[in-house]
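The primary structure of each chain is shown beneath.
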Amino acid sequence: MRQNPSFTMTDVAELRRLIARNPWATLVSATDDGIVASHYAILLDDERDDLTLVGHVGKPDDMLHGLGQRELTLIFQGPHGYITPRWYGDVQAVPTWNYVAVHLTGVPEILSTEENLVVLDKLVTHFENAEPDPRLMWQAPNDEAFVTRLERGTMGFRLTPTKIVAKRKLSQNKPDEAVDTIIAELTGSGAYANPELAAEMKRAHDALRGARS
């Protein structure tokens, strides 16, 4: 991902927020047989306050990626959407796409069976706890034999990134009036309405304006 100083994200708390809200990640490895990409839910390591991640792949994806033997890039995609030039008014302009994305690269550490079980349990709990009646990993009708078989079909990992590229391209190069119009249009009911992107833009620009004042 080409970086641009105007769009660079460096605040760890903001990066953690983005990852926590968008845990469905793309895993990319450069292997001897070419580029390999997979898709998995990934969590922040709750025992750390940095950008260390924990997750798993289903076998044989561990072999396809050479997991633990080479660098792996995890890509997290935040809110994104089309921005029409009509929203800029009667000026020269072209369409663009606003987005937020984080690329974290490092060599994963392979987890032990016990550590992998903990991560799998946390993964299930993380998503199931959104409901009032969560179905947890160790809950009946699941039993120990079933969970053990499940774990054997996966490979858990922990990744502490050695390279971080994060980008928040949210019309920072536009005047405040144009930004306010874009946010209003994204919040509306038109063809390109995108409330999630509007909220992310408002958050970013409120911080920028606060820093200027």
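First things first, this report covers the structure right here in the doc. (Residues numbered from 1 in each chain as written. Predicted model: local features only at pLDDT ≥ 70, side-chain atom pairs only at ≥ 80, totals over all residues. Heavy atoms only, no water.)

Let's talk about the nonpolar core
In a soluble, globular protein the nonpolar side chains are often hidden away together inside.
Moving on, step 1. Of all hydrophobic cores here, the largest spans 36 residues; its most connected members are Leu27, Ile42, Leu74, Phe76 and Phe157.
Moving on, step 2. It is helix H5 (residues 176-187) that provides the largest number of residues to this core, a total of five residues. (Core = buried A, V, L, I, M, F, W, Y, C linked by side-chain atoms within 4.5 Å. Buried < 20%, exposed > 50% of the residue type's maximum accessible area, 1.4 Å probe, protein only. Helix = DSSP H or I, 4+ residues; strand = E, 2+ residues; numbered from the N terminus.)

As for the sheet that holds strand E1 (residues 24-31)
Moving on, step 1. If you trace the five strands from one edge of the open sheet to the other, you get E2-E1-E5-E6-E9, paired in antiparallel fashion. The open sheet is flanked by strand E2 (34-41) and strand E9 (163-169), the only strands paired with a single partner. Direction aside, the axes of adjacent strands within the sheet are offset by 25° on average.
Moving on, step 2. Pairing of E1 with E2, which is carried by eight bridges, proceeds in the antiparallel orientation. (Pairing = 2+ DSSP bridges. Axes fitted to C-alpha atoms, helices over the stretch in contact; angles between N-to-C directions.)

A closer look at the side chain of histidine 65
Moving on, step 1. You can see histidine 65 is positioned in helix H2 (residues 61-65).
Moving on, step 2. Once residues within four sequence positions are removed from consideration, histidine 65 is found in contact with Leu27, Val28, Ser29, Thr31, Val36, Ala37, Ser38, Arg70 and Leu72. (Contact = heavy atoms within 4.5 Å.)

Section: the packing of aromatic side chains
Moving on, step 1. In the structure shown here, the tally under the stated rule is three aromatic pairs.
Moving on, step 2. On the numbers, 4.7 Å between centres and 55° between planes, the contact of tyrosine 82 with tyrosine 192 is tilted. Of this pair, tyrosine 82 sits in strand E5 (residues 72-83) while tyrosine 192 is found in the loop between H5 and helix H6 (195-212), placing the two residues 110 residues apart along the sequence.
Moving on, step 3. Among the residues examined, tyrosine 82 registers a relative accessible area of 24% and is labelled partly exposed.
Moving on, step 4. Linked through ring pairs, Tyr82, Trp87, Trp97 and Tyr192 together constitute an aromatic cluster. (Phe/Tyr/Trp six-rings, centres within 6.5 Å; stacked < 30°, edge-to-face > 60°.)

Spatial relationships are all this shows, so hold off on functional conclusions.
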